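Structural overview for review
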Amino acid sequence: KQEVTQIPAALSVPEGENLVLNCSFTDSAIYNLQWFRQDPGKGLTSLLLIQSSQREQTSGRLNASLDKSSGRSTLYIAASQPGDSATYLCAAPSGAGSYQLTFGKGTKLSVIP
Amino acid sequence: DTAVSQTPKYLVTQMGNDKSIKCEQNLGHDTMYWYKQDSKKFLKIMFSYNNKELIINETVPNRFSPKSPDKAHLNLHINSLELGDSAVYFCASSQLGTAGTDTQYFGPGTRLTVL
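Residues numbered from 1 in each chain as written. Chains lettered and ligands numbered in written order. Predicted model: local features only at pLDDT ≥ 70, side-chain atom pairs only at ≥ 80, totals over all residues. Heavy atoms only, no water.

**Quick notes on the interface of chain A and chain B**
This is how the line gets drawn: Only heavy atoms matter for contacts: two residues are in contact if any of them lie within 4.5 Å across the pair. Here the buried area means the combined drop in accessible surface, using a 1.4 Å probe, for two parts upon being joined, counting both sides. Note on definitions: salt bridges are taken to be side-chain nitrogens of Lys or Arg within 4 Å of carboxyl oxygens of Asp or Glu. Polar contacts, as counted here, are pairs of nitrogen or oxygen atoms within 3.5 Å of one another; within protein the pair requires one atom able to donate a hydrogen and one able to accept it, and residues that are adjacent in sequence qualify only if both atoms are side-chain atoms.
Every contact between the two is made by 17 residues of chain A and, on the other side, 23 residues of chain B. Between chain A and chain B, the buried area comes to about 1,800 Å², and carbon and sulfur atoms account for 56% of it. Taken together, chain A and chain B are joined by zero salt bridges. Summed over the shared surface of chain A and chain B, the result is three residue pairs in polar contact (both at pLDDT 80 or more).

If you want it as structure tokens, here you go:
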């Protein structure tokens, strides 16, 4: 059974700082891994999807990496801005061949102006 | 032109009632999902459904049932509501590719409060 853990649970940084959010998963037989953003009272917005054959995926100031062998993924945010403040969720397929997602509990990011 | 929409946005009801939440996607996706986000913000899959199979998470009570009138809709029916059902329910959809699922797109959520 897939388990996804995100560290830290909360993070507060000054504007302009680069930061890394961590995600680990127990079942590495996955097709892909996804990072989402959730703003308070809102739904989830997909940020990046990394296929199992990829090691990195980039979108603007965001870069996500995937290391299946170690069961880890990181989300790197460059030059953070107050608008980046949100909860970031990592999600991996629930098991081999599954397309259901298991989510971590998220990292709540606060970027201080 | 919202991609995944849910109605209602808020639902307040008494214990024991039966209620439904509707979900529609206009992305042409073949797979839809329902998730529950509890008071601690933990998001958990309840169902996934495409035209071939319904997969139910084993922790979901049988008071919950998804119903799909067509490929673009997956509604959630809840019978005999309990206090513990209070949560935010999210619908999502994706295209099921040969290499697994593509990106999941989420609706805005329905906040259910059971009194």
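**Quick notes on the pattern of salt bridges**
Side chains that differ in charge, positive against negative, can pair when their charged atoms come close. Residues and elements named next belong to chain B. What counts is decided by this rule: A run of H or I in DSSP becomes a helix once it reaches four residues, and a run of E becomes a strand once it reaches two; helices and strands are each numbered from the N terminus. Three exposure classes are used, based on accessible area relative to the maximum for each residue type with a 1.4 Å probe and protein chains only: buried under 20%, partly exposed in between, and exposed over 50%.
Considering all chains together, one arrives at four salt bridges over all chains under this definition. E82 is the salt-bridge partner of R63, the closest N and O atoms lying 3.5 Å from each other. Pair noted here: R63 is in the loop between β6 (54–56) and β7 (64–70) and E82 is in the loop between β8 (73–78) and β9 (87–94), with a separation of 19 residues, a long-range link. On the basis of relative accessible area, E82 is assigned to the partly exposed category, the value being 41%. Put simply, D85 and R63 hold a salt bridge, and the shortest N to O gap is 2.8 Å. Of this pair, D85 sits in the loop between β8 and β9 while R63 sits in the loop between β6 and β7, placing them 22 residues apart in sequence. Residues D85 and R63 agree in their burial class; the two are buried. Taken together, the shared-partner salt bridges in this structure form one network comprising R63, E82 and D85.

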